[in-house]
Amino acid sequence: MAIKTFMVIGAGQMGAGIAQVAAQAGMQVLLNDISAEAANKGLAGIGKILERNVAKGKMSAEEREAVLARIRPSTSLEDAAAADFIVEAATENLDIKTRIFQTLDRVARPEVILATNTSSLPITEIAAVTSRPAQVIGMHFMNPVPVMPLVEVIRGIATSDAVYACVDELARALGKTPVEVNDFPGFVSNRVLLPMINEAIYCVYEGVAMPEAVDAVMKLGMNHPMGPLTLADFIGLDTCLSIMEILHEGLGDSKYRPCPLLRKMVKAGWLGKKSGKGFYEYA
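Residues numbered from 1 in each chain as written. Predicted model: local features only at pLDDT ≥ 70, side-chain atom pairs only at ≥ 80, totals over all residues. Heavy atoms only, no water.

Focus: the overall build of the protein
Definition in use: Where helices and strands are cited, they refer to DSSP runs of H or I of at least four residues and of E of at least two residues respectively, numbered from the N terminus. The size measure is the radius of gyration over C-alpha atoms, and the globule rule it meets is 2.2 Å times the number of residues to the 0.38 power. Only protein chains enter the accessibility calculation, which uses a 1.4 Å probe. A residue is then buried if its area is under 20% of the maximum for its type, exposed if over 50%, and partly exposed in between.
For the protein, the helix and strand inventory stands at eleven helices and eight strands. For 283 residues, the compact-globule estimate of 2.2 N^0.38 gives 19 Å, and the protein sits close to it at 19 Å. Dimensions of the protein, computed from the C-alpha atoms along their principal axes, are close to 55 × 45 × 30 Å. For the protein, with 283 residues in total, the buried portion stands at 49%.

Structure below.
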């Protein structure tokens, strides 16, 4: 299927990143959010990233303008009628996502694939609220999207082989490396990553070491580019808690129990970099 118009639902950090790579691949992009302010904020963020790329000599000013010209802000899901492919990158909340998919299923043309960028929620359950479950698939980009090469492509129980093949080809056209994953809580990335982060938080909670020490051990001893607590702050502690709760509920194993310190910090509003304070403080 030829994809000329690519729609992204959600203009936050992930959605804006997906919109950027699609526009850089030459597609016309609809960047949708619930308000013009949110959609335009996402577009402005893309502009800043591209401006830095120009300053570093990675692209010309003309290329920057051409990419931005291919992205149009949207505030109505009815715009999905014009899309050839749709990726949802809204808040990581199952109720919100299922409501979006019900609307997209009604508005989008019958042949259009509906993808979700969820990092841990069940693809099969999201697909079940539509009349096209064979055309619903997970497309989990990594953050920051323009930099990270991986896309987890997650099949729901009903996802067709043709849809998987189309999304695999699309991911490669976006300059990404797709990896096939089946529909289990947390998929592969967060099923492995988040328990490690949670255990690092337990080390602080139980007094094993301070955050700086935990991060230093993992960076210098395990060759991680970023310590797990710094990474948790970058992801957002509320997001980390949400994923741990999904793993704990979905897999039913006590090893996925969120650390009490993680819960306490989220209740305090210490969400990491986006709130200015997490395991570290941010100006």
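After presenting the structure, the write-up continues.
Focus on unusual backbone geometry
In this structure, Pro144 follows Asn143 across a cis peptide bond, with omega equal to 0°. Here Pro144 is to be found in the loop between strand 6 (136-141) and strand 7 (150-155). Even without being glycine, Asn223 reaches a positive phi, approximately 65°. With respect to the helices, strands and loops of the structure, Asn223 is situated in the loop between helix 8 (211-222) and helix 9 (228-235). Taking the relative accessible area as the measure of exposure, Asn223 reaches 68% and is therefore exposed.

Observations concerning the sheet that holds strand 8 (residues 177-182)
Selection rule: DSSP-based pairing: two strands are paired if at least 2 bridges between them are found. An axis is simply a line fitted to the C-alpha atoms; with a helix, the fit covers only the stretch in contact. Between two such axes, the angle follows the N-to-C directions and lies from 0 to 180 degrees. Whether two residues are in contact is decided by their heavy atoms: any pair within 4.5 Å suffices.
Spatially, eight strands are ordered 3-2-1-4-5-6-7-8 in an open sheet, and the strand pairing comes out mixed. Among the strands making up the open sheet, the edge pair consists of strand 3 (71-74) and strand 8. Recorded for the sheet is a direction-independent mean angle of 25° between the axes of neighbouring strands. Two elements, strand 6 and strand 7, share five bridges in a ladder whose sense is antiparallel. The residue bridging Met139 from the neighbouring strand is Val153, located in strand 7. Its contacts with the sheet put helix 1 (residues 13-24) on strand 1 (5-9), strand 2 (28-32), strand 3, strand 4 (85-88) and strand 6, and the angle it makes with strand 2 is roughly 170°.

Describing the packing of helix 10 (residues 237-251) against helix 11 (residues 260-267)
Rule in force here: Note that the term roughly parallel is reserved for angles under 35 degrees, roughly antiparallel for angles over 145, roughly perpendicular for angles of 65 to 115, and oblique for everything else. Should the near helix be turned anticlockwise from the far one by less than a right angle, the crossing is left-handed, and should it be turned clockwise, the crossing is right-handed. For this classification, the nonpolar set comprises Ala, Val, Leu, Ile, Met, Phe, Trp, Tyr, Cys and Pro, the charged set comprises Asp, Glu, Lys and Arg, and every other residue, Gly included, is treated as polar.
Viewed as axis vectors pointing N to C, helix 10 and helix 11 meet at an angle of 135°, and their least axial separation amounts to 9 Å. By the angle class used here, helix 10 and helix 11 are oblique. Where helix 10 crosses over helix 11, the two elements pack in a sense that is left-handed. Contact residues: helix 10 offers Leu237, Asp238, Cys240, Leu241 and Glu245, while helix 11 offers Leu262, Arg263, Met265 and Val266. A per-class count over the contact of helix 10 with helix 11 returns six nonpolar, no polar and three charged.

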